[in-house]
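An overview of the molecular structure
Residues per chain are reported as follows:
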Amino acid sequence: MARALGSVIHKDTPVAGDGLSKLHHAKRGFQRWLLGERNKPAISVLIMSWPPNYYTPVHDHGGLWGVEVALYGALEVESYERESASNALRFLRRDWLGPGDATWFDAGDTHAHRCRNLSRHDTALTLHVYGGQLAQYSAYEPAAQQPGEQANQWLAQTQHAAIAGRLRG
């Protein structure tokens, strides 16, 4: 499904690029823009703008499923599996997304990832479709460890997702 969505989006690339040029050329920090949402079934669609070199902490998506598609620029996505009882994270894979490439994750509490804009100069744009409204999620930081301990224990901190505004067609 992620590849099919990326293919449809980039079927006519200039249209997608022209409509989002104000976000691509903006000199702002990381921002989330709401394109639309509905309740039955619960879905939200957002555009995110990623400043040069910006990266997220390792984070989950509050139990939602999601599809993320690169529109402009390139992102690196590191995926982790989280052990629910201990908050231990196990690195799974690293993916690189260019325009039209996509990644997805299932609903549940075991997926976490970190995303990074690979450009030193350009803002990247991505399209995100989630199975609900992402209002709250957890960000993870490595726990302090004693010498000889494994470095896979992480502390979860609740975060609130901010929306910069709504985009209109």
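We now turn to the structure provided with this report.

**Quick notes on the overall build of the chain**
Counting its secondary structure elements, the chain contains 3 helices and 12 strands. Relative to its 169 residues, the chain shows a buried fraction of 43%. Sequence-distant contacts in the chain: of pairs separated by 6 or more residues, those separated by 24 or more amount to 73%. Accessible surface for the chain amounts to roughly 9700 Å². Of this, 51% is attributable to carbon and sulfur atoms.

**Some words on the pattern of salt bridges**
Within the structure shown, the criterion is met by 7 salt bridges. The salt bridge involving Arg94 is made with Glu78; its shortest N-O contact spans 2.8 Å. Placement of Arg94 in strand 6 (residues 89-97) and of Glu78 in strand 5 (residues 75-82) is noted, with a sequence separation of 16 residues between them. On the accessibility criterion, Glu78 (11% relative accessible area) is buried. Residue Arg114 is joined to Glu78 by a salt bridge in which the shortest nitrogen-to-oxygen separation is 3.0 Å. Of this pair, Arg114 sits in strand 8 (residues 111-117) while Glu78 sits in strand 5, and the two are 36 residues apart along the sequence. Here the residues in one salt-bridge network are Glu76, Glu78, Arg94, Arg114 and Arg116, joined through shared partners.

**Quick look at the environment of Glu37**
Positionally, Glu37 belongs in strand 1 (residues 31-38). Looking at Glu37, the relative accessible area reads 42%, which means it is partly exposed.

**Some remarks on the nonpolar core**
Side chains that are nonpolar tend, in soluble globular proteins, to be buried together. Residues Trp50, Tyr130 and Leu134 are the most contacted members of the largest nonpolar core, which totals 15 residues. Of all the elements in the fold, those that place two or more residues in this core are strand 2 (43-50), strand 5 and strand 9 (124-130). Broken down by element, this core gets its largest block of residues, 3 residues, from strand 2. Setting aside residues up to four positions removed in sequence, Leu134 forms contacts with Arg32, Ser44, His61, Gly62, Leu64 and Ala161. Ranked by size, the runner-up nonpolar core spans 9 residues in total, among them Val69, Leu71, Leu127 and Leu167.

**Structural notes on the environment of Ala144**
Take Ala144: it is sitting in the loop between strand 10 (136-142) and strand 11 (154-160). Taking the C-alpha atoms as reference, Ala144 lies 9.1 Å from Leu155; in sequence the two are 11 residues apart.

**Observations concerning the pairing of strand 6**
Sheet topology note: the strand 5/strand 6 ladder contains 8 bridges and is antiparallel. Paired with Ser79 across the bridge in strand 6 is Arg93. The hairpin formed by strand 5 and strand 6 contains 6 residues between the paired strands, and Asn87 there has a positive phi angle of roughly 65°.

**Quick word on the packing of aromatic side chains**
One pass over the full model with this rule turns up 6 aromatic pairs. With a centroid separation of 5.0 Å and 5° between ring planes, the pair formed by Phe30 and Tyr54 is classed as stacked. Within this pair, whereas Phe30 is found in the loop between helix 3 (21-24) and strand 1, its partner Tyr54 is found in the loop between strand 2 and strand 3 (58-59), the two being separated by 24 residues in sequence. A connected cluster of aromatic rings, assembled from ring pairs, spans Phe30, Trp50 and Tyr54.

**Comments concerning the sheet that holds strand 4 (residues 66-72)**
One open sheet holds the 6 strands; their spatial order is 7-4-9-2-1-12, and the pairing between them is mixed. Two strands lie at the open edges of the sheet, namely strand 7 (102-105) and strand 12 (165-166), each paired on one side alone.

Rules of the game
- Residues numbered from 1 in each chain as written.
- Predicted model: local features only at pLDDT ≥ 70, side-chain atom pairs only at ≥ 80, totals over all residues.
- Heavy atoms only, no water.
- Helix = DSSP H or I, 4+ residues; strand = E, 2+ residues; numbered from the N terminus.
- Buried < 20%, exposed > 50% of the residue type's maximum accessible area, 1.4 Å probe, protein only.
- Contact = heavy atoms within 4.5 Å.
- Areas by Shrake-Rupley, 256 points an atom, 1.4 Å probe, with all protein chains shown as cover.
- Salt bridge = Lys/Arg side-chain N within 4 Å of Asp/Glu carboxyl O.
- Core = buried A, V, L, I, M, F, W, Y, C linked by side-chain atoms within 4.5 Å.
- Pairing = 2+ DSSP bridges.
- Phe/Tyr/Trp six-rings, centres within 6.5 Å; stacked < 30°, edge-to-face > 60°.

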